[in-house]
Amino acid sequence: MSALAVEGLTKRFGERLALNAVGFSVEPGELFAYLGPNGSGKTTTIRILTRLTRPTSGRVLLEGRDLLAEGPAAVRRVGLVPQTLNLDRDLTVRDNLDLHGRFFGMPKARRRERIAELLAYAGLEDRAASPVKELSGGLQRRVMIIRALVHEPRILFLDEPSIGLDPAIRRQIWALIKKIQKGGTTVFLTTHYIEEAEQLADRVAFLCEGRLTAIDTPARFIAAIGRWAVDPAAGEGMEPLYFNDRRAAIAAAQAGEGGFRLRAVNLEDAFLRLTGKRVTS
């Protein structure tokens, strides 16, 4: 049984079609990345999958049970880390986690036990008594991630979890996300950072203007194009050239007029080939 199955998911906002009959499945323990440019429908999808927004049509099954028809109790089975930092800045880290556990009706003894586990898990024991407003942005992101795990959800939704962080802190967040997955939690990640999806995901779904265009592993997406790309240094509208052989790619770069840049092929190349758009647009 799939951890998550989405069938014909459609969402309209007035005349605008935000999601157009999107369908996919996520396997238990998988880290599934949902990749697309800003405005493609990623956050709308997550809001529907966490019951914050109702779809116009479609069905969502969480471990075989209808998530949208199940009622408020279904929220207990999902964890959500939104884009926006929404911790209570005046409360301590521990109090933020405890408040989350209270919201989900966890007994006091289990809350304390679970909070201690998660603080150790994320390396935040020494900041447990610190007010959130004293923490850096990267530490606040870590708190938000473990807060979403307090009630022991079956699947964790991460909506742009490393947005706005510098590269070094972003990699710390990536390490925490992989640790969570290795612990057995299914993870659904939305992002427009190419490297984030390429490094973390077992499979990637490409979303463009509300339509799902392709799903595959990062390695297979890249292998379908080639290993090396040669980019023109100038000239609008000029597309990269792709090669499997590095020597052939170097020869093409040296032979071109106006200068060319050699680089490894990445997921954005695959997205551009399939949709005609860049993920980072």
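Residues numbered from 1 in each chain as written. Predicted model: local features only at pLDDT ≥ 70, side-chain atom pairs only at ≥ 80, totals over all residues. Heavy atoms only, no water.

## A few points about helix 3 (residues 108–121)
Part 1: Here helix 3 spans 20 Å end to end across 14 residues, near enough to the 20 Å set by a 1.5 Å rise per residue.
Part 2: Listed as buried for helix 3 are Arg-111, Arg-114, Ile-115, Leu-118 and Leu-119. The buried residues of helix 3 occupy an angular sector of 135° when the element is viewed end-on, so they sit on one face. Within helix 3, the exposed residues directed more than 90 degrees away from the buried face are Ala-109 and Arg-112.
Part 3: Packing partners of the buried residues in helix 3 comprise helix 2 (93–103) and helix 4 (137–147). (Helix = DSSP H or I, 4+ residues; strand = E, 2+ residues; numbered from the N terminus. Expected span 1.5 Å × (residues − 1). Buried < 20%, exposed > 50% of the residue type's maximum accessible area, 1.4 Å probe, protein only. Arc of directions from axis to C-beta. Contact = heavy atoms within 4.5 Å.)

## Some thoughts on the packing of aromatic side chains
Part 1: Across all of its chains, the model carries 9 aromatic pairs by this definition.
Part 2: With a centroid separation of 5.6 Å and an interplanar angle of 50°, the aromatic rings of Phe-24 and Tyr-34 are classed as tilted. Here the residue Phe-24 occupies a position in strand 2 (residues 16–26), and Tyr-34 occupies one in strand 3 (residues 31–35), the gap between them amounting to 10 residues. In this pair, the class of Phe-24 matches that of Tyr-34, namely buried. (Phe/Tyr/Trp six-rings, centres within 6.5 Å; stacked < 30°, edge-to-face > 60°.)

All quantities given are derived from atomic positions and should not be read as evidence of function.
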